[in-house]
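If you want the building blocks of each chain, they are given just below.
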Amino acid sequence: MRGPHRAARLGPPDDGQPSCGRRYEAFGRVMAALAGEPELMESCRDLTWRRGADHSWHIEWRDGPQAAEIAAVLTAHVPDPACPGALVTPTGPVTAGTATLDVMGVLFVLRSVDPMCRERFRGRPGLRRLSEALDTTRRTTSRHPWEVLLGG
């Protein structure tokens, strides 16, 4: 493809917004960082995400960690050795309920509904974690959930 169309398609957007590929790469890095923290993800209920009208990403969950805790995890776990400096920086106030982050030039709005901090989650006695429920090496006196389902 030659002419002005090629430059318009491959160059950065004229409106100053990151390219579509950059937005999805940033989203993928954020979700990969969150998936690397299974205890954190297991504590969330109703995790949802959507694209904002301004090409940002909005991630929302119930219960689970505070937005500030998720922001700290993302800041620590979204590195890129090829790029000097942090790929994740706060762009607004970071509180228990909300956080606004810049990830690779893409705006992320985190919102926690009814958050409980990670320490409270770890100390909650009645909460069964998925990783513990699926641990086949741990011997217990009661039957495992899959044994109940399979009739064993």
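What counts and what doesn't
Residues numbered from 1 in each chain as written. Predicted model: local features only at pLDDT ≥ 70, side-chain atom pairs only at ≥ 80, totals over all residues. Heavy atoms only, no water. Helix = DSSP H or I, 4+ residues; strand = E, 2+ residues; numbered from the N terminus. Contact = heavy atoms within 4.5 Å. Areas by Shrake-Rupley, 256 points an atom, 1.4 Å probe, with all protein chains shown as cover. Salt bridge = Lys/Arg side-chain N within 4 Å of Asp/Glu carboxyl O. Buried < 20%, exposed > 50% of the residue type's maximum accessible area, 1.4 Å probe, protein only. Axes fitted to C-alpha atoms, helices over the stretch in contact; angles between N-to-C directions. Parallel < 35°, antiparallel > 145°, perpendicular 65-115°, else oblique. Nonpolar A, V, L, I, M, F, W, Y, C, P; charged D, E, K, R; others polar. Phe/Tyr/Trp six-rings, centres within 6.5 Å; stacked < 30°, edge-to-face > 60°.

Brief notes about the overall build of the protein chain
Check the secondary structure of the protein chain and you find seven helices and five strands. Written out in order from the N terminus, the α and β elements of the protein chain read α-α-α-β-β-α-β-β-β-α-α-α. In the protein chain, the proportion of contacts linking residues at least 24 apart, taken out of those at least 6 apart, comes to 52%. Carbon and sulfur atoms make up 55% of the accessible area of the protein chain, which amounts to about 9700 Å² in all.

Here's the deal with the pattern of salt bridges
Applying the stated criterion across every chain, the model contains three salt bridges. Of the charged contacts in the structure, one is a salt bridge between R29 and E25, with a shortest N-O distance of 3.0 Å. In this pair, R29 and E25 both sit in helix 2 (residues 20-35), four residues apart, roughly one turn of the helix. Looking at R29, the relative accessible area reads 23%, which means it is partly exposed. We classify E25 as partly exposed; its relative accessible area is 35%. Here D46 ties to R62 by a salt bridge, and the two come within 3.7 Å at their closest N and O atoms. Taken together, the positions of D46 in strand 1 (residues 44-51) and R62 in strand 2 (residues 57-63) put the pair 16 residues apart, joining distant regions of the chain.

Let's talk about the packing of helix 2 against helix 4 (residues 67-77)
Each packed pair of helices is defined by two parameters, the angle between the axes and the distance between the axes. Running from N to C, helix 2 and helix 4 cross one another at 105 degrees; their axes reach a closest spacing of 10 Å. The orientation of helix 2 relative to helix 4 falls into the category roughly perpendicular. Counted together, V30, A33 and L34 of helix 2 and I70, L74 and H77 of helix 4 form the full contact between these two elements. Considered class by class, the residues forming the contact of helix 2 with helix 4 number five nonpolar, one polar and no charged.

Comments concerning the packing of aromatic side chains
Tallying each qualifying case throughout the model produces three aromatic pairs. Between Y24 and W57 the ring centres are 5.5 Å apart and the planes differ by 75 degrees, which places this aromatic pair in the edge-to-face class. Separated by 33 residues along the polypeptide, Y24 in helix 2 and W57 in strand 2 bring together distant segments of the chain. Among the residues examined, Y24 registers a relative accessible area of 41% and is labelled partly exposed. The buried category is assigned to W57, whose relative accessible area is 5%. Aromatic side chains F27 and W49 sit 5.8 Å apart centroid to centroid with 50 degrees between the ring planes, which places their arrangement in the tilted category. Taken together, the positions of F27 in helix 2 and W49 in strand 1 put the pair 22 residues apart, joining distant regions of the chain. Owing to a relative accessible area of 13%, F27 belongs among the buried residues under this scheme. The rings of Y24, F27, W49 and W57 are connected pair by pair, giving a single aromatic cluster.

The values are spatial; any link to function lies outside them.
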